[in-house]
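# Results of the structural survey
Each chain, written out:
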Amino acid sequence: MNERRSLHPLYIAYGFLSVIKGLLPLIIIMLLRGVNWDKVLQWYWIAGAAGLFVLMLVLSYLQWKRFGFWLENDRIVIRSGLLFREEKTIYYSRIHSVNVEQPLIQRLLRTAQLKIETPGGGQKSDGILHVLSVAEANRIKEQLRAHAEGTAATTATAAAAARRELAEPNGAAAEMRDDALLLDDALLLDDALLSNEAGEKTIATSEGQVRQLQTPAGGNGTLRQAEDSVRLDTGQLFKAAATSLNFGLAIAFIGGLYSFADDFLELLLPDGFFEHLIEDTQSLMSSVLFIVVIAVFVILFAWVLSIGLFILKFSGFTMGRAGQQVSISYGLLEKKSYVFDPKNVQAVIINESILRQWIGFAEVRLQIVSSDKQEQLMLHPFVAFRDIDSLLARFVPGMRVFDPKELSPAPAKALLYYLRVPYIIAVMISAACIGFFGVAGIWSVILFPLVYAWRKSCHRAAGGLLKEGQLTLRHRLLHRTTYLVRRPRIVALKAISTAAQRRKGLSSVAVHALGSGTAFGVTCLERNQVEEVWQWYSRHAAATQEKRNS
C-alpha cells in the first residue's frame, strides 16, 4: 500500500466552523429577538460555551487524525471514523468525474475540497476529501486524471484484442457475432475515437495499440493543437446573465431570504408596514393597474436578481481539454472545478431562453452520472447555436447537433392536445377572478390569447430526429430544450399514446438516460416516427440482453 496521506490540518477549524454554520440561522434569530445578556454572561453559561468549544475542537482533531487516504496503482482507498471505522475503495476505472470545489468555509480557510463521482452513487459523492490545500487538491485531481487515461488506454487495448480473437476463428461470421455480442463496444468508435474539427484522432488499432492521426482541417493543411480551452469574458458573461431569465432561481432565493430575514424585518420596520403600503398604493390607482404594476415590479426585480446570481455562479468560467479529460471551473464566491472523461457523458442538453433564441444563442449542459441526479454540468453558459456542433466535436466527440430543419415536427393535428389542459386551467382561473373581483375580473380573459401563444410555441418547438445512431428530441416548457442521447446511454424508452391519439396517428415518447433523475419527453409526434425510434431501441435492448446471457 502506498504512503498514507492526510487532510490539511485546517480540517480541525473546518469541523468547528461547519457546526457554527449549521447553527448560524438559530443564533441570528435569537440575537434579533433579544438576549438577556445579564443571564448569558453568568459564569456557568460561559463555562458551558467554553467546554463545548473545546469538545468540538477535540472531536475535529480526532477526526482529522483518523482520516487517511491512499493512492494505489488501480484505486484510491479512504478510511475515516471515530467510533465506527469506514473504508471506501474506489477503482480508477469507475471514476466518472473529479471535482474540486471551494464552498464558503473552504474559501475562508483558503483550502479546497475534492469530490469523486462514480456511477451508482448515493445522495452524496462516493469520495470526499473535505479540506486540502488548493495545490494538493489540483495535484490529486491530475493524478486521478492520469490514472483514468491509463485505464482508458488499457480498456481500448483489451477491446481490440477481444475483437481480434473473435474474428480469427470464423472470419466474416465472427464479425457478425462481434456486432451482436459487443454492443457496449458499438460506441467504441465514439468513446475511443477522439476526433475534433482539426482532424486529430485517437483510435485503437487492430494490433491493440492506441495511435494518433493528424489530418488537415477542411483541407487547409492546418493542425489544431492537442490542448484546447474556452473562456467567458466579462462582456459575454453579462450577456449570458441578462438573457438567462432564470426566474425560478431568483424566486427561490427571494423566498429563502424572506423566510430567513422575516424576524429581522419585524424589528426594523414598524408594525403593519406592508399592509399600510399596499392600502396606500391601492388608494392611488385602480385594482387592475395595481396588479399590473406589482407584476412588472416583481418580474424586473427577479430579472435583475437573476443577473446577479448568474454572475456570482459563473464568473471566471474556463473550460479546457488535455488528452482525454475535460476540465471546467467557475464561480466567484463558491469556486467549483470539474474534471471528467467525455466518454462518461450520458446526454447533452441545449437550453434556449426566449431572448437567447431570438439572438441565436444557447447554453449547453451535460448529463453525467453523479450523486445528484438532478444536477447537470454546464459545458458552456453562452454559445452561438451555430457553433454548438463544433464545440461538441472539440470537447464531447460522438455527439452531434444536426440542422434544426431536419427534425420532424409535431403535426398540426397534435395542437389540440397541447391546448386542452392549459385552456381548462385558464377558464377556471378566469371564472374565479370574475367571481371574486366582479366586472374588474374580466381582465383575466387576457389569459386565453397568452395561453394560446404559449402552447402554440410549445407545439412548434416539439420535434424529433433519429440519425447516425443518435436520438435528438426537442420540446418547450418556457425555454426551448434540445436533448441529445446515443443508444447505449438510454436506460428506458417509453412510447405513450391514448386510444384517441392512436386513431389520429399520434404518440408521445420519453427517454431516460443513465444518471438522470427524470425522463425527457416530447408530446404527440407522428406515430410512425415514434415506432421507428422504438424499434431502433428495442433491437439494441434485445441484443444487449442476448450478450449478457451468453
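Described in the following lines is the structure provided in the data block.

Conventions we followed
Residues numbered from 1 in each chain as written. Predicted model: local features only at pLDDT ≥ 70, side-chain atom pairs only at ≥ 80, totals over all residues. Heavy atoms only, no water. Core = buried A, V, L, I, M, F, W, Y, C linked by side-chain atoms within 4.5 Å. Buried < 20%, exposed > 50% of the residue type's maximum accessible area, 1.4 Å probe, protein only. Helix = DSSP H or I, 4+ residues; strand = E, 2+ residues; numbered from the N terminus. Contact = heavy atoms within 4.5 Å. Polar contact = N/O pair within 3.5 Å; in protein donor to acceptor, adjacent residues only side chain to side chain. Axes fitted to C-alpha atoms, helices over the stretch in contact; angles between N-to-C directions. Parallel < 35°, antiparallel > 145°, perpendicular 65-115°, else oblique. Left-handed = near helix turned anticlockwise from the far one by under 90°. Phe/Tyr/Trp six-rings, centres within 6.5 Å; stacked < 30°, edge-to-face > 60°. Lys NZ or Arg CZ within 6 Å of the ring centre and 35° of its normal. Pairing = 2+ DSSP bridges.

### What about the nonpolar core?
Membership of the largest hydrophobic core comes to 37 residues, with the highest contact counts inside it found for Met319, Ile328, Val348, Leu366, Leu379, Ile388 and Leu392. Among the elements of the structure, α8 (234-244), α11 (287-314), β11 (325-330), β12 (335-340), β13 (345-352), β14 (361-368), β15 (377-384) and α13 (388-395) are those that each provide at least two residues to this core. When sequence neighbours within four positions are dropped, the list of residues in contact with Ile328 reads Phe317, Thr318, Met319, Lys336, Ser337, Tyr338, Phe340, Leu377, Met378 and Leu379.

### Re the environment of Gln470
Looking at the element boundaries, Gln470 is found in strand β18 (residues 470-476). For the pair Gln470 and Met399, spaced 71 residues apart in sequence, the C-alpha to C-alpha distance is 7.6 Å. Apart from residues lying up to four places away in sequence, Gln470 is in contact with Gly398, Met399, Arg400, Phe402, Leu465, Leu484, Val485 and Arg486. A polar side-chain atom of Gln470 sits 2.7 Å from the main-chain carbonyl oxygen of Arg400. Of note is the side chain of Gln470, whose polar atom sits 3.2 Å from the side chain of Thr472.

### Thoughts on the side chain of Gln529
On the secondary structure map, Gln529 appears in helix α17 (residues 527-549). For Gln529, a relative accessible area of 13% corresponds to the buried category. For Gln529, the side chain forms a polar contact with the main-chain oxygen of Gly464, separated by 2.9 Å. Not counting chain neighbours up to four residues away, the residues in contact with Gln529 comprise Ser408, Gly464 and Leu465.

### Description of the packing of helix α14 (residues 415-437) against helix α15 (residues 447-461)
At a minimum axis distance of 9 Å, the contact between α14 and α15 shows a crossing angle of 155°. Judged by the inter-axis angle, α14 sits roughly antiparallel to α15. The handedness of the crossing between α14 and α15 comes out as right-handed. In contact with Leu415, Tyr418, Leu419, Pro422, Tyr423, Ala426, Val427, Ile429 and Ser430 of α14, α15 contributes Leu447, Phe448, Val451, Tyr452, Trp454, Arg455, Lys456, Cys458 and His459.

### Overview of the packing of aromatic side chains
One pass over the structure, following the stated rule, counts ten aromatic pairs. Between Phe361 and Phe382, the aromatic rings sit 4.3 Å apart at their centres with planes inclined by 10°, giving stacked as the arrangement. Remark: Phe382 occurs in strand β15 and Phe361 occurs in strand β14; sequence separation between them is 21 residues. An aromatic cluster is present here, built from Phe310, Phe314, Phe317, Tyr330 and Tyr338 joined pairwise through their rings. Above the ring of Trp70, the side-chain terminus of Arg79 is found at 4.8 Å from the ring centroid. Lying over the aromatic face of Trp454, Arg455 brings its terminal NZ or CZ to 4.9 Å of the ring centre.

### Some points on the sheet that holds strand β2 (residues 75-80)
One open sheet holds the three strands; their spatial order is β1-β2-β3, and the pairing between them is antiparallel. Bordering the open sheet on either side are β1 (68-71) and β3 (86-91), each of which pairs with just one other strand. Sheet twist, expressed as the average angle between the axes of neighbouring strands with direction ignored, equals 10°. Judged from the six bridges that link them, β2 and β3 form a sheet pairing that is antiparallel. Opposite Arg79, over in β3, you have Glu87 as the bridge partner.

Geometric descriptors of this kind do not, in isolation, establish any biological role.
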